Amino acid sequence: MTPRPRRSPWIFLPFFLLPNVARADVPLVDFDRMGSVGLAGSFAGLDLFNSSAPVSFDPSTSTLLSRSSDGALTRIGSTNPGGSILSGCAIGNTYYLAGSFSSIDNTSASNVASYDTSSGAFSSLGTGGPNGQVNALFCDATNNKLWAGGRFTSPASAVAVWDTKASSWSAPPFGGLAGAAAEVSSVTTNSSQASLFFAGSFLTSFQGGGAPLNTTNNPNVPFSQGATPFSSSLVPIPLANAQIQGSPSTSDPSFSNIQNILCPSGADGPGQSWFAADGNSAQITARTFLSMSASGIRLGNTFLNGRGTTGFTVTSIPDNQVQQLHFVDPTTGQNQTCTTNCPLSTNSSIPYQDFTFDGPVSLTGVQVTLTEWNGAGPGLHLFQLLSSGAFASAVSNQNGLSCFAPVASNTSFTGTWTELDADTSISGTTQSILVSTVDVGTPASNGPSFTWMPYVSASGQYNINFLIPGCSQFQNCDLRTSVRVTVFPGGGQDPSVQDISQQNQNDVVRSIYSGPVVPSSTDFTMTITMTLAPNPAGSGQNGKFQLVADRVQLILTSANTTGTVVNGTGVGGHGGNAFGFLEWPLSLPSGSNAATGLPNTTETSLDVIGLSLFSGLGGSTGISSKTAVAAVAHHSSGAVFLAGAFDLGTPAAGNIVAFKNGALTALSSGGLNGPVTSLALVGDSLYVGGTFTDTTANSTQGRLNNVALYDVAHDSWSPLLAGVNGPVESLDIDNGQVAVAGNFTTLLNAPGSNAGQESAGLASWNISRGAWANNGGFLVGSLSFVGNGTAPAKGEQQAQFIAGNVANSLKFGASGLVLIKNGDHGQPDVTPLGVQLDSDNDTTAVPAPAAATKRRRAQHRRAATTWIAHHIKLPQLFSRQSGSALAPLPPSPPAPAPAVLAGAFWTNVTNSEQIALIGGNFTFAGGAGIAAYTPSTGALASLQGVALNGTVRALLVQGTLLFVGGDFTVPGTNTAGFAIYDLLQRAWVTDDVQPLQGAGGAPVVVRSLSASAAKANTVVVAGSFAQAGSLQCHAICAWDVDQKRWNALGSGIQGEVASVAYAGSKQDVLVAGGSISLAGAASDNVLQFSFGNASWAALGDGATLPGPVTALTVNNGNASSIFAAGRSSDGSSSFLVFWNGHVWTSQGPAFQGESTVSQLAMVPLQGEHSANGIIERDRVLLVSGSLDLPASGNASSVLYDGQTFTPYIVSSSSTGTPGSVSGLFNSLATFSFTQHHFLATGVVILISIAIAAGVVFLLVLLGILWTLFSRRDEALNKYDPADADDNDDDSAQHRPSSLLAHINEATRTTILGNQSPFNDVSAEKEAEAAAAGAGAGAGASASGHGDPFSGPDASNYLRAETPLDAFGSGLASEEDAGRAAHARYSFDGAGEGELPLAVGQELEILDDRDHSWWYARDVRSGHEGVVPAAYVY
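Residues numbered from 1 in each chain as written. Predicted model: local features only at pLDDT ≥ 70, side-chain atom pairs only at ≥ 80, totals over all residues. Heavy atoms only, no water.

**Focus: the overall build of the chain**
Next up, step 1: Each helix and strand counted, the chain has nine helices and 90 strands in total.
Next up, step 2: For the chain, with 1433 residues in total, the buried portion stands at 56%.
Next up, step 3: Residue pairs in contact within the chain that sit at least 24 positions apart in sequence constitute 62% of those at least 6 positions apart.
Next up, step 4: For the chain, the exposed area adds up to about 55,600 Å²; of that, 50% sits on carbon and sulfur atoms. (Helix = DSSP H or I, 4+ residues; strand = E, 2+ residues; numbered from the N terminus. Buried < 20%, exposed > 50% of the residue type's maximum accessible area, 1.4 Å probe, protein only. Contact = heavy atoms within 4.5 Å. Areas by Shrake-Rupley, 256 points an atom, 1.4 Å probe, with all protein chains shown as cover.)

Here it is in structure tokens:
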């Protein structure tokens, strides 16, 4: 599979960033050197700054964004103001979008446009397209058609078709849809993708009167006396992607294309038949390169110019077995058999003959040898390989369209499935399969599912097999479990259900059904569904099970001629008017008119739906302009669900109804109490979106707010928590989640309340967990559409597209925390917090709009949110803690909930699991303010014990103790601002911890918790307080962990401390910053404390600092390299200063406006920046907070290299205003900034090869010298003149082996290791060659050594002719000479020195002297290695 080209990612900036920013490349921070790294703050969305691709959003336009499998958002383009995007779908690498717009990204396009994902360009779709709003698109990739439905009149009413090959618009084959509102709201497909479902507000009519319904099984297959009902029921194997060769071929171009006979579109003639070269027998070889089950072959003769084939032989590949064939003599009607020179009729009234094998045969291809002929030479008009009945592969691209079949076999699935390659019974070949991983304990209804839908052409008795690859080849046996397989055989029969183990070590074929299969229409596909078993076998591995999906095979055992057969007819159709629904089989021709009356030959059994809706609504008088069917979903059981805005009288149902067993059926509780806009079906779970609050019977107490779950199997409704607070416009299922798009702002916690998680316009429901999940990306706005994008490349997951009125968007959505590590090409790899943190704020409810079926809604704008939790009083929080005339400490950046303000990593000693402990201003299910997050599982847990009441601002882990600081209390204790939690005992430590106290009753605020290597078992606590217990201890105090008591640091200080850092090689100097001073002195703002003499001193002249300090850091312990940031005493400006050991110097007007710095941190680089006297080349200063740069606008983190400020991180609050970063925290307390330079891997390999080669040549040279001296000694000792002539003759017959060959063999052994395939055969081959002669050596060795594909004469495997036979000598004798070749089969190349192969891969053969293994080069990559000779042609 060819990977899809990948676009360079767009990087989003908030709308408040300036577009004309110019800056240097962003330095690459080496996060991995710091261990695990977290970035915390008050933000809902976050992104990396990129001035080269600035993006602004205009909410008056409709913006299209792509959404990757991890949820990251990328802006694609926007419409004209007032435009809307309502639908989209993909064909290949082209994504089609539609709505109501006149342009998109400056490309003129009327209502429909295309987007090339390879080039990133938009294009219009010709002229003559829809002249009004398009509500729905459907992409028919098989027929290269784009179907559009909406409210327009041209090129037809409500429906138009774009031919992607001809690049032209046309009316649909039924002429369009009119009546009622003349609007199509939905275009979807049935479960087999053979028919289209049109839904909306329109009227159709059918003629009725007993004309036959369209229930024939495959009328496209012509009748032939050379076939039987049995053989006619076998679905041909698709050969469009197979390798087809005919040789020798005629030189006449009208008859030389062998592809013409696979599925000829016309009668025997030019361009429809194939001729062999005159006077020659011929071979037709078809290779699919996949293991498949076949039961025979279908041949149609040519009758042109008196020529034609009269005799042939069929040989299966790869076993080279000539097959015995069974056939009906078309003249006598008698059953016959043959093996060689089988007869083919030359009677032109016999269009084809079917020849079946003794039984189903597993093969990868066939070779048909045309041995006898009439006229100038042999030829054929039709060539087909017949399956064993029917088939379907889990990998969709292997389900091609069979010749004459109206539809191809198909699949569908839920959850995330990844493609892998499995070995087959043919050694070295592979078969693609799909696997899905699910958590142990997941209910089957919430787990992944997979459905095969094989096309079945005729009724009959079938044995259905289920193929399961062995677990040993994947080394996943512990992951394997059991699955439930449900077979729906059709014809009203009950489904067959089995639980099957997938824990088999080796490949197995399980029988899952034996009995009748009864097609119900021409495009019938039966369904076989696999889910997790209700009681899964095994215990899993690391808490996971893995399900495997491969192929299903239907083996026909007898044809049921009394059932529905080829060219049969059905019963009479219904007559009358229909509303809101039409099924149109894609195989039907044009010429009908839905407005004047459709013939019954176009009517299907599901068209009764429209007739029933018309009747249930009370006829035309019960249909208003708002009555419509907006969405349709087809369940694997055959039931069809229809939803929209309607109120049926018969049956009594509101806005949603089911059609099953030939009639409309009301759902539980009578349906829903408001319009439905979207449906998404996964297994038995039907997700419903719209504008409603409950069922019509109010059975859920108002919990179905705008989105709900209906259980098909149990006929019951369930809420998604309590829904969302605004209309839902679109639903889509992908990667185990339901994407919900609409005009809402909050995921509600409970009915009747407006509190819940903030999520503007887009939400994701985790199906297996049954809970809301992190969206991955971030946006502010309202969405009108979400749907799957273009097909993913092999090994990748499906991406989505979303669209709507977007005010702001960032790549990553995160509730205050992301984890960062080094990613591809050194770029940061950002992982958002896996759960959504909440606010306890009760947001204003979104008023529900009037019931309607329109796709656009008035945009809801979120109410403003207070910037800090309600229970915090600002005057108290930032009040002075001393009586001196110090300037007030600047307030921290706004931190509206949810916000993470502190973090610390801890490795649980009981299970070695790393945990990120986070604190701040947030709530979540089970706790508030502080939580434990496990990155490996994405789980968030509260700390056991009493919950904190307040905000956490600092965390520190020492051993198994967690120290917590902030402005909070612990209910039931006298704790204020400082607490200790025992992580092993899972309890708060309350004994002997004297509380901190503020001056004059002021609240305690702890902003810093730290520890110094110079003071063991001591935690330094700093912030705003006056004493600790009974100890006078202003602003900073030391807690003795062992003695459990407070100690003052020296004589103490005055004021409030914001930040603490350490200097000295042993951290023996503490540096504190804030609004502080020595006792009785003027403001200093930065002080240092020496642990050696327990004394405080000012750091430089405090008068040179503009004001209080909010953050400081020491550069790698260097007391002469300290940075401090803060705001001026009058609060008018911010500053950043540098201490060089003598004086403070300003680092320029870095920030402006209301900028506040929360943290300064030195971080290492992967490279280096230019040298300067401020910061070393291998590091930069990371400045975090709420920042406003003069040239760049708002940023949350900035990198400073001593010369240049580079914006690094931008963030946004949930309302779209700028967010802030509180700081970075990491797992390693100390790390090195020094970079270690290593040689590139390639250089190391080359040096290793050179050394190995040198050693080999040295050994060879020693061997040669030893041999020469030994032979010289023997010659001197044993020389006999009488033997001289004999010796000369003998040497002429027994030439020594090529020295170059020996050296080459030794070099290969040294480089490739002892597992090289040459090692197994070379010694014995040389011995046999010496015995049998040089000419027979290769063949002799192959007969006995190592080649599993050849017999004594290599006759039992079809292989390419070796170049030795063709040219008389090996290629290796010529310097750098090679021969072009291709891979016949895939080869995994797992052994050392082997070259992996893919089917059709272009190669260059460098050495073919070994009969079994050849040395080859991949032409594209240049890689070289050995490959099986039989796999190359």
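Now that the structure is up, let's keep going.
**With respect to the pairing of strand 47 (residues 716–719)**
Next up, step 1: Pairing of strand 46 (residues 707–711) with strand 47, which is carried by four bridges, proceeds in the antiparallel orientation. In the strand pairing of strand 47, Tyr710 is matched with Trp717. (Pairing = 2+ DSSP bridges.)

**So, the state of the cysteines**
Next up, step 1: Applying the stated rule across the entire model yields five disulfides.
Next up, step 2: The disulfide partner of Cys263 is Cys403, and the S-S distance across this bridge is 2.0 Å. Because the sign of the S-S torsion sets the handedness, a value of about 85° for the bond joining Cys263 and Cys403 places this disulfide among the right-handed ones. Within this pair, whereas Cys263 is found in the loop between strand 17 (243–247) and strand 18 (274–275), its partner Cys403 is found in the loop between strand 27 (389–393) and strand 28 (410–414), the two being separated by 140 residues in sequence.
Next up, step 3: One disulfide bridge connects Cys471 with Cys477, the sulfur atoms lying 2.0 Å from each other. Across the S-S bond of Cys471 and Cys477 the torsion is about 90°, and the bridge reads as right-handed.
Next up, step 4: Judged by its relative accessible area of 0%, Cys471 falls in the buried class. (Disulfide = S-S within 2.5 Å.)

**Re the sheet that holds strand 12 (residues 145–151)**
For sheets, the rule is that strands pair by backbone hydrogen bonds, running either parallel or antiparallel.
Next up, step 1: Taken in spatial order, the four strands of this open sheet run 11-12-13-14, and their pairing is antiparallel. The sheet terminates laterally at strand 11 (133–140) and strand 14 (168–170), the two strands that pair on one side only. Across the sheet, the mean angle separating the axes of adjacent strands is 25° when strand polarity is ignored.
Next up, step 2: Pairing of strand 12 with strand 13 (residues 159–163), which is carried by five bridges, proceeds in the antiparallel orientation. Pairing of Gly149 across the sheet is with Val159, part of strand 13. (Axes fitted to C-alpha atoms, helices over the stretch in contact; angles between N-to-C directions.)

**Focus: the pairing of strand 6 (residues 94–100)**
Next up, step 1: Judged by how many residues are buried, strand 6 sits mostly within the fold: five of seven residues are covered.
Next up, step 2: Across seven bridges, the pairing between strand 5 (residues 84–91) and strand 6 is antiparallel. When the sheet's bridge partners are listed, Ile85 is paired in strand 6 with Gly99.
Next up, step 3: Once strand 5 ends, the chain turns through two residues before running back antiparallel as strand 6, passing Gly92 with a positive phi of about 65°.
Next up, step 4: Pairing of strand 6 with strand 9 (residues 112–116) involves five bridges; the strand directions are antiparallel. Directly across from Tyr96, in strand 9, lies its bridge partner Ser114.

**Remarks on the sheet that holds strand 28**
Next up, step 1: One open sheet holds the five strands; their spatial order is 28-31-36-33-34, and the pairing between them is antiparallel. In the strand order of this sheet, the two ends are held by strand 28 and strand 34 (496–501), each with one partner. Adjacent strand axes in the sheet meet at a mean angle of 20° when their direction is disregarded.
Next up, step 2: Both strand 31 (residues 449–453) and strand 36 (residues 527–532) contribute to a ladder of four bridges, which runs antiparallel. Of the residues in strand 36, the one forming a bridge with Phe450 is Met530.

**Considerations on the nonpolar core**
Next up, step 1: Counting 72 residues, the largest nonpolar core has Phe312, Phe383, Trp452 and Met530 as the members making the most contacts within it.
Next up, step 2: If you look at the next biggest cluster of nonpolar residues, it comprises 23 residues, including Val37, Ala72, Val1163 and Leu1165. (Core = buried A, V, L, I, M, F, W, Y, C linked by side-chain atoms within 4.5 Å.)

**Details of unusual backbone geometry**
Next up, step 1: The omega angle of the peptide bond from Ser247 to Pro248 is -5°, so this bond is cis rather than trans.
Next up, step 2: Tracing the sequence through the fold places Pro248 in the loop between strand 17 and strand 18.
Next up, step 3: In this structure, Pro318 follows Ile317 across a cis peptide bond, with omega equal to 15°.
Next up, step 4: Looking at the secondary structure, you find Pro318 in the loop between strand 20 (308–317) and strand 21 (321–322).
Next up, step 5: The backbone phi angle of Ala158 is positive, close to 75°, even though this residue is not glycine.
Next up, step 6: Backbone geometry at Asn1085 places phi at a positive 70°, although glycine is not the residue there.
Next up, step 7: Tracing the chain through its elements places Asn1085 in the loop between strand 75 (1069–1078) and strand 76 (1086–1090).

**Points about the pattern of salt bridges**
Next up, step 1: For the coordinates displayed, the defined rule picks out 17 salt bridges.
Next up, step 2: Here the residues in one salt-bridge network are Glu1176, Asp1178 and Arg1179, joined through shared partners. (Salt bridge = Lys/Arg side-chain N within 4 Å of Asp/Glu carboxyl O.)

**Here we look at the environment of Phe1231**
Next up, step 1: With respect to the helices and strands, Phe1231 occurs in the loop between strand 86 (1220–1226) and helix 4 (1241–1278).
Next up, step 2: Owing to a relative accessible area of 22%, Phe1231 belongs among the partly exposed residues under this scheme.
Next up, step 3: Along the backbone, Phe1231 and Met34 are 1197 residues apart, and their C-alpha atoms lie at a distance of 6.1 Å.
Next up, step 4: The residues contacting Phe1231, other than those within four sequence positions of it, are Arg33, Met34, Met1162, Pro1164 and Asn1226.

**Notes on a nonpolar patch on the surface**
Next up, step 1: On the surface, Val1243, Ile1247, Ile1251, Val1255, Leu1258, Leu1259, Leu1261, Leu1262, Leu1265, Leu1268 and Phe1269 cluster together into a nonpolar patch covering about 1,000 Å² of accessible area.
Next up, step 2: Summarising the element assignment, Leu1261 is placed in helix 4. (Patch = residues over 30% accessible without salt bridge, like charges linked within 9 Å, V, L, I, M, F, W, Y side chains within 5 Å.)

**Topic: the environment of Glu1402**
Next up, step 1: Within the element layout of this structure, Glu1402 appears in strand 88 (residues 1402–1407).
Next up, step 2: Sequence separation between Glu1402 and Ala1380 is 22 residues, and the spatial gap between their C-alpha atoms is 7.4 Å.

**Focus on the side chain of Gln800**
Next up, step 1: Topologically, Gln800 is positioned in strand 55 (residues 800–810).
Next up, step 2: The exposure class assigned to Gln800 is buried, which follows from its relative accessible area of 2%.
Next up, step 3: Among the polar contacts listed, one links the side chain of Gln800 to the side chain of Asp732, at a separation of 2.7 Å.
Next up, step 4: Residues in contact with Gln800, not counting those within four places in the same chain, are Leu65, Ser66, Arg67, Asp732, Asp734, Ala739, Val786, Gly787, Asn788 and Gly789. (Polar contact = N/O pair within 3.5 Å; in protein donor to acceptor, adjacent residues only side chain to side chain.)

**Quick word on the confidence of the model for the chain**
Next up, step 1: Per-residue confidence for the chain gives a mean pLDDT of 81, with 82% of residues at or over 70.
Next up, step 2: In this model residues 841–884 is a low-confidence stretch, pLDDT under 50, and it forms 113 contacts with partners more than four residues away in sequence or in other chains.
Next up, step 3: Between residues 1278–1376, whose pLDDT stays under 50, and residues either more than four places distant or in other chains, the model counts 110 contacts. (pLDDT = per-residue confidence, 0-100.)

**Focus: the packing of aromatic side chains**
Pairs of aromatic rings are described using the distance from one ring centre to the other and the angle between the two planes.
Next up, step 1: Applying the stated rule across the entire model yields 33 aromatic pairs.
Next up, step 2: Ring geometry for Phe327 and Phe355: centres 5.3 Å apart, planes at 45°, overall tilted. Placement of Phe327 in strand 22 (residues 325–328) and of Phe355 in strand 25 (residues 353–374) is noted, with a sequence separation of 28 residues between them.
Next up, step 3: When its relative accessible area of 0% is taken as the criterion, Phe355 is described as buried.
Next up, step 4: An aromatic cluster of three or more residues is present, and its members are Phe413, Trp417, Phe450, Trp452 and Phe466.
Next up, step 5: Its guanidinium or amino end placed over the ring of Phe275, Arg307 lies 4.3 Å from that ring's centre, counting from NZ or CZ.
Next up, step 6: Above the plane of the ring of Phe1233 lies Arg1179, whose end atom (NZ or CZ) is 4.2 Å from the centre. (Phe/Tyr/Trp six-rings, centres within 6.5 Å; stacked < 30°, edge-to-face > 60°. Lys NZ or Arg CZ within 6 Å of the ring centre and 35° of its normal.)

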